[in-house]
Amino acid sequence: MIKLSKYVTPNEDVKKLLFVSEEESDIKCGKCNKTMFYTIYYKDKDSYDFLVCKDCDIYMQRVIEEE
């Protein structure tokens, strides 16, 4: 069984989540070409990972799929 990560339009409303941490990534935004950030949010004993462009206000939620 292989686990694959991908980023999708968020399933969770980011405004309802508690911010935990942030780290600069090596990934550039496809819209403005600035560096994006890995961010972690928390809610109801679950953590949610996002790839975020602060300038464009783009949030992409990481989901893990098993194949």
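Residues numbered from 1 in each chain as written. Predicted model: local features only at pLDDT ≥ 70, side-chain atom pairs only at ≥ 80, totals over all residues. Heavy atoms only, no water.

Draft legend 1. Focus on the overall build of the chain. Summing up its helical and strand segments, the chain has 0 helices and 5 strands in all. Put simply, the chain runs from its N terminus to its C terminus through helices and strands in the order β-β-β-β-β. Projected onto its principal axes, the C-alpha coordinates of the chain cover approximately 35 × 30 × 20 Å. Accessible area of the chain: about 5,100 Å², with a carbon and sulfur share of 47%. (Helix = DSSP H or I, 4+ residues; strand = E, 2+ residues; numbered from the N terminus. Areas by Shrake-Rupley, 256 points an atom, 1.4 Å probe, with all protein chains shown as cover.)

Draft legend 2. Spotlight on unusual backbone geometry. Residues other than glycine seldom take positive phi values, yet Asp44 does so here, at roughly 50°. Relative to the elements of secondary structure, Asp44 occurs in the loop between strand S3 (35-43) and strand S4 (46-53). A residue is classified by how much of its surface remains accessible, and Asp44, at 62% relative accessible area, is exposed. A positive phi is found at Lys45, a non-glycine position, where the angle reads about 65°. With respect to the element layout, Lys45 can be found in the loop between S3 and S4. (Buried < 20%, exposed > 50% of the residue type's maximum accessible area, 1.4 Å probe, protein only.)

Draft legend 3. Representation of the sheet that holds S3 within the structure. Pairing is antiparallel in the open sheet, where 5 strands are placed in the order S1-S5-S4-S3-S2. If you trace the sheet from one side to the other, it starts and ends with strand S1 (3-8) and strand S2 (18-28), each paired once. Averaged over all pairs of adjacent strands, the angle between their axes in this sheet comes to 30°, without regard to strand direction. Note: S4 against strand S5 (residues 58-66), 4 bridges, orientation antiparallel. The residue of S5 that forms the bridge with Cys53 is Ile58. (Pairing = 2+ DSSP bridges. Axes fitted to C-alpha atoms, helices over the stretch in contact; angles between N-to-C directions.)

Draft legend 4. Main features of the pairing of S3. Of the pairings in the sheet, the one linking S2 to S3 comprises 7 bridges and is antiparallel in character. Among the inter-strand pairings, Glu24 is bridged to a residue of S3, identified as Phe37. Connecting the antiparallel pair S2 and S3 is a turn made up of 6 residues, with Asn33 showing a positive phi of about 70°. Judged from the 7 bridges that link them, S3 and S4 form a sheet pairing that is antiparallel. Bridge pairing links Tyr42 to Ser47 in S4. What sits between S3 and S4 in their antiparallel hairpin is a turn of 2 residues, with Asp44 showing a positive phi close to 50°.

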